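Structural overview for review
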Amino acid sequence: SGNFQPAEDQNESFAPDAIELEAQSKIGEWFGTTQSQMQVLISADAADVITLDGLAASTAIEEAIRGSDFADLLIDRPDTPAVVGYMAPIQFAVAGGATVPGSDAEVKGLYTSSFSSADPTTQQFLSLLVPSNADPSTATADLGLLIITYESSEDFDVAAQRAGAAAAIIESAALPASITA
């Protein structure tokens, strides 16, 4: 540890010539947008978030974000919605015509069937939204992740204000008492 000496510019010591960073900077210059992602961790008193309460919380957060002025900043793409989370298998199934689950057992059944019918790439992505100890075959996870993709800013103060606004909206969402975000 005695040999570590950070450069004067901390970013230089990290990745001075990374083409990814240069590309992101150029895209921001050309199109005037900077994309940010906010990660929202969901936990439950019962140590399982793939439940009716977990679905209600995930839905409440998305509705709060989409129903606010912040919605204008969301970056929806055809292949990836601006708000995507661990309950995506259920939400995609319902959007495709499945009945909205009315019990924990129905949530778990729909999650399991939707997850197992997804292609391997989608399954891999969905697996990243729950901890490694989650079990998709029984639809159990002690934590779940929501990712919100939005237009940020290269101006630090504006970026901080936007992140703070999103956090305030999430905090104000009406969640079931057993769920914490």
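First things first, this report covers the structure right here in the doc. The structure displayed is predicted, hence computed values, not measured ones.

About the cut-offs
- Residues numbered from 1 in each chain as written.
- Predicted model: local features only at pLDDT ≥ 70, side-chain atom pairs only at ≥ 80, totals over all residues.
- Heavy atoms only, no water.
- Phe/Tyr/Trp six-rings, centres within 6.5 Å; stacked < 30°, edge-to-face > 60°.
- Helix = DSSP H or I, 4+ residues; strand = E, 2+ residues; numbered from the N terminus.
- Buried < 20%, exposed > 50% of the residue type's maximum accessible area, 1.4 Å probe, protein only.
- Core = buried A, V, L, I, M, F, W, Y, C linked by side-chain atoms within 4.5 Å.
- Contact = heavy atoms within 4.5 Å.
- Salt bridge = Lys/Arg side-chain N within 4 Å of Asp/Glu carboxyl O.
- Pairing = 2+ DSSP bridges.
- Expected span 1.5 Å × (residues − 1).
- Axes fitted to C-alpha atoms, helices over the stretch in contact; angles between N-to-C directions.

Further remarks concern the packing of aromatic side chains. Going through the model one piece at a time under the given rule, you end up with two aromatic pairs. Pairing Tyr111 with Phe115 gives two aromatic rings, centres 6.1 Å apart and planes at 10 degrees, and the pair type is stacked. Residue Tyr111 and its partner Phe115 are both found in helix α5 (residues 104-117); the two are separated by four residues, about one turn of the helix. Of the two residues, Tyr111 and Phe115, neither departs from the other in class, the shared state being buried.

Note that soluble globular proteins tend to have their nonpolar side chains buried in a common cluster. Counting 41 residues, the largest nonpolar core has Ile50, Ile65, Phe70, Tyr86 and Ile148 as its most contacted members. Those elements that provide at least two residues to this core are β1 (35-44), α3 (52-66), β2 (83-85), α4 (88-95), α5, β3 (143-151) and α7 (156-172). With five residues, β3 is the single largest residue contributor to this core. Those residues in contact with Ile148 that lie beyond four places of it in its chain are Ser36, Gln37, Met38, Val40, Ile65, Phe70, Leu74, Ala82, Val83 and Ile170.

A few words now on the pattern of salt bridges. Under the definition given, this model contains three salt bridges. One salt bridge connects Lys108 with Asp48, and the closest N-O pair in it is separated by 2.5 Å. Highlighted residues: Lys108 in helix α5 and Asp48 in the loop between β1 and α3, separated in sequence by 60 residues. Among the residues examined, Asp48 registers a relative accessible area of 13% and is labelled buried. A salt bridge links Asp76 to Arg66; its shortest N-O distance comes to 2.9 Å. One end of the pair, Asp76, is in the loop between α3 and β2; the other, Arg66, is in helix α3, and 10 residues separate them in sequence. Under the relative-accessibility criterion, Asp76 is labelled partly exposed at 41%. Residue Arg66 is classed as partly exposed on the basis of its relative accessible area, which comes to 31%.

So, about the pairing of β1. Covered by surrounding structure in β1 are Ser36, Met38, Val40, Ile42 and Ala44 only, the residues Gln35, Gln37, Gln39, Leu41 and Ser43 on the alternate face being uncovered. Where β1 and β3 come together, nine bridges link them in antiparallel fashion. Note that in β3 the partner of Gln35 across the bridge is Glu151.

Counting buried positions over the nine residues of β3 gives seven, a clear majority of the element. Across three bridges, β2 lies against β3 in antiparallel orientation. Along β3, the bridge assignment pairs Val84 with Ile147.

This part covers α3. With 15 residues, α3 ought to run about 21 Å at 1.5 Å a step, and its terminal C-alpha atoms sit 21 Å apart, in line with that. When α3 is considered as a whole, its buried residues turn out to be Gly54, Leu55, Ala57, Ser58, Ala60, Ile61, Glu62 and Ile65.

If you walk across this open sheet you meet the four strands as β2-β3-β1-β4, and the pairing is antiparallel. Strand pairing shows two members of the sheet lacking a second neighbour, β2 and β4 (179-180), which therefore form its edges. Alignment of β1 against β4, held across two bridges, turns out to be antiparallel. Counted as the bridge partner of Ser43 is Thr180 from β4. Lying on the sheet, α7 is in contact with β1 and β3; it crosses β1 at an angle near 25 degrees.

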